[in-house]
Amino acid sequence: MSCLAHVFEQENALDKLEAFASLNGPAWYGLPVNEERITLVKHDNPVSFPSKVETGAGVVTVFDPMFPLHWDVER
């Protein structure tokens, strides 16, 4: 979501992010929209993410976009 927020902000299209990420897919496939919500927050300094995350299925490598991200999901 941080990468998407970055790209949509760069394109002056943050107002279209929710539809792209949450609404268009379910509408296309005739599925209900997920009722859970997240909040994205923009920080002054870049957000740091781990390079790997341990899961029950094993280690997952976190995508590195090769540029600083300032957006994060509010926790």
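This structure is a prediction, so every number in the text was calculated from the model and none was measured.

Definitions and limits used
Residues numbered from 1 in each chain as written. Predicted model: local features only at pLDDT ≥ 70, side-chain atom pairs only at ≥ 80, totals over all residues. Heavy atoms only, no water. Helix = DSSP H or I, 4+ residues; strand = E, 2+ residues; numbered from the N terminus. Buried < 20%, exposed > 50% of the residue type's maximum accessible area, 1.4 Å probe, protein only. Patch = residues over 30% accessible without salt bridge, like charges linked within 9 Å, V, L, I, M, F, W, Y side chains within 5 Å. Areas by Shrake-Rupley, 256 points an atom, 1.4 Å probe, with all protein chains shown as cover. Salt bridge = Lys/Arg side-chain N within 4 Å of Asp/Glu carboxyl O. pLDDT = per-residue confidence, 0-100. Pairing = 2+ DSSP bridges. Contact = heavy atoms within 4.5 Å.

Describe the overall build of the protein, with residues and values.
When you go through the protein residue by residue, the secondary structure sums to 2 helices and 4 strands. Of the regular secondary structure in the protein, the N- to C-terminal order runs α-α-β-β-β-β. Along the first, second and third principal axes, the C-alpha atoms of the protein reach 35 × 35 × 20 Å. Here the protein holds 75 residues, and the buried ones make up 16% of them.

Report on a nonpolar patch on the surface, specifying residues and quantitative values.
A cluster of nonpolar residues, Trp28, Tyr29 and Leu31, forms a patch on the protein surface that exposes about 470 Å² of accessible area. Here Leu31 is to be found in the loop between helix 2 (17-29) and strand 1 (40-42).

Tell me about the confidence of the model for the protein, and please be specific about residues and values.
For the protein, per-residue confidence averages 96 on the pLDDT scale, and residues scoring 70 or more make up 100% of the total. The spread of mean pLDDT over the elements of the protein runs between strand 4 (residues 71-73), the lowest at 96, and strand 3 (residues 58-61), the highest at 98.

Could you give me a rundown of the pairing of strand 2 (residues 52-55), with the residues and numbers involved?
Both strand 2 and strand 3 contribute to a ladder of 4 bridges, which runs antiparallel. Opposite Lys52, over in strand 3, you have Thr61 as the bridge partner. Remark: 2 residues form the turn of the hairpin made by strand 2 and strand 3, two consecutive strands paired antiparallel.

An account of the pattern of salt bridges is requested, with residue identities and associated values reported.
With the rule as written, the count across this model stands at 4 salt bridges. Among the salt bridges present, the one from Glu9 reaches Lys42, with a minimum N-O distance of 2.6 Å. Separated by 33 residues along the polypeptide, Glu9 in helix 1 (residues 2-10) and Lys42 in strand 1 bring together distant segments of the chain.

Account for the environment of Val33, with residues named and values stated.
Relative to the helices and strands, Val33 resides in the loop between helix 2 and strand 1. On the accessibility criterion, Val33 (43% relative accessible area) is partly exposed. Spatially, the C-alpha atoms of Val33 and Leu23 are 6.4 Å apart, while their sequence positions differ by 10 residues. Filtering out sequence-adjacent residues up to four positions away, Val33 remains in contact with Ser22, Leu23 and Pro26.

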